Amino acid sequence: MKDFLTIPDYSSQELQTILDLALQLKEEWKKDGNIPRLQDKVLAMIFQKPSLRTRVSFDMAMRHLGGDALYLSPAEIGLGERESIADVARVISGYVDAVMARVFEHRHVEELARWASIPVINGLSDYNHPCQALSDALTILEKKGTLKGVHVSFIGDGNNVAVSLMQICAKMGAHFTIANPPGYDMPAPAIQEGQKIAEGSGASIRLLHDPQKAANNADVLYTDTWISMGQSEEAKKRRKVFPPFQVNQKLVSLAKEDAIVMHCLPAHRGEEITDEVADGPHSALFPQAHNRLHAQKGLLVHLLT
Ligand code: CP
Ligand code: NVA
């Protein structure tokens, strides 16, 4: 597999290999022993949307590995506007060793991968966020010791982050539950694909509209913004629908005593998550954000060596 566009493109063994590599690289980093495995390699980072974590963690990942990263802002590239995606892909393939792209429409990152001769990494689209899922799996692995049999409950919008989280849970044998407001489901084809994957791994997928039921006995409570990038015109409507899906202390008290709370960030405190929970004893928010660095180092080494 040349690219990293979706979780289902990878087998559970391949995902485990990347996670093991990430853990190994994290140990090296802790001992101040980064080995320059990607010396002289350069990653181009194309952004159509803002970012803190994805931008900085990929840049630092390349530096740790002895390589370099180029940040290309929306205004600079004008992906598919100033120039066709096919042309951008073929030109950039002659300059750098890999591309990471954050796009509005998922088909644009697919188009980039189709025409590029170098690995293309999806740094978030309107459909999914596989790099986030990889670091989430790493965080759950560290905090719970395993992914198999862990109960992961996502509370909120059936969005890009939910889709990739469901897919990695299905691949790795974790039980995934989502509670979303009616009308804010994950896309039906993604659900069907996830259910098929789950059948083969001993995982399960539950689709609920009741946040309390979803939180009950969960090992992991996960939430994300109610209004994703590109949805600002729906903000008013969404802010009316989503408040019963807030992850607050009352909801956390229904989960297992040692449950962890996760959020891909950026958080909208007082909306999908309260300060009390985000900064409370169950919160894994910052170790989770930190793990973007290590998970993506594993991914980059896997794709580029
Ligand atoms: N979680 C995440 O992808 O954060 P950024 O949008 O800041 O990259
Ligand atoms: N669902 C959010 C995730 C941000 C990292 C969005 O797409 O804006």
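Nothing here was measured: the structure is a model prediction, and the numbers come from that model. (Residues numbered from 1 in each chain as written. Chains lettered and ligands numbered in written order. Predicted model: local features only at pLDDT ≥ 70, side-chain atom pairs only at ≥ 80, totals over all residues. Heavy atoms only, no water.)

Draft legend 1. Main features of helix α5 (residues 106-115). Here α5 has its buried residues at His106, His108, Val109, Leu112 and Ala113. Viewed end-on, α5 has its buried residues packed into an arc of 165°, placing them on one side of the element. Turned more than 90 degrees away from the buried face of α5 sit Arg107 and Arg114, all of them exposed. Those residues of α5 hidden inside the fold are in contact with β1 (42-47), α4 (85-92), β3 (98-102) and β4 (120-122). (Buried < 20%, exposed > 50% of the residue type's maximum accessible area, 1.4 Å probe, protein only. Helix = DSSP H or I, 4+ residues; strand = E, 2+ residues; numbered from the N terminus. Arc of directions from axis to C-beta. Contact = heavy atoms within 4.5 Å.)

Draft legend 2. Seen up close, the site of ligand 1. What surrounds ligand 1 is the set Ser51, Leu52, Arg53, Thr54, Arg102, His129, Gln132, Cys264, Leu265 and Arg292. In this structure, an oxygen atom belonging to ligand 1 sits 2.6 Å away from a main-chain N or O atom of Leu52. Calculation on ligand 1 without its partners gives an accessible area of 260 Å², and the protein chains cover 96% of this total. For the shell around ligand 1, the class distribution of residues is three nonpolar, four polar and three charged. (Near = heavy atom within 4 Å. Polar contact = N/O pair within 3.5 Å; in protein donor to acceptor, adjacent residues only side chain to side chain. Areas by Shrake-Rupley, 256 points an atom, 1.4 Å probe, with all protein chains shown as cover. Nonpolar A, V, L, I, M, F, W, Y, C, P; charged D, E, K, R; others polar.)

Draft legend 3. Summary view of the sheet that holds strand β7 (residues 204-208). The strand order across the open sheet formed by five strands is β7-β6-β5-β8-β9, and the pairing between neighbours is parallel. Every interior strand has two partners, whereas the edge strands, β7 and β9 (260-263), have only one. Mean inter-strand twist for the sheet, computed between neighbouring axes without regard to direction, equals 20°. As paired elements, strand β5 (residues 151-155) and strand β8 (residues 220-223) share four bridges and run parallel to each other. Among the inter-strand pairings, Val152 is bridged to a residue of β8, identified as Val220. Where helix α13 (residues 285-304) meets the sheet, its contacts fall on β8 and β9, and the angle it forms with β9 comes to roughly 50°. (Pairing = 2+ DSSP bridges. Axes fitted to C-alpha atoms, helices over the stretch in contact; angles between N-to-C directions.)

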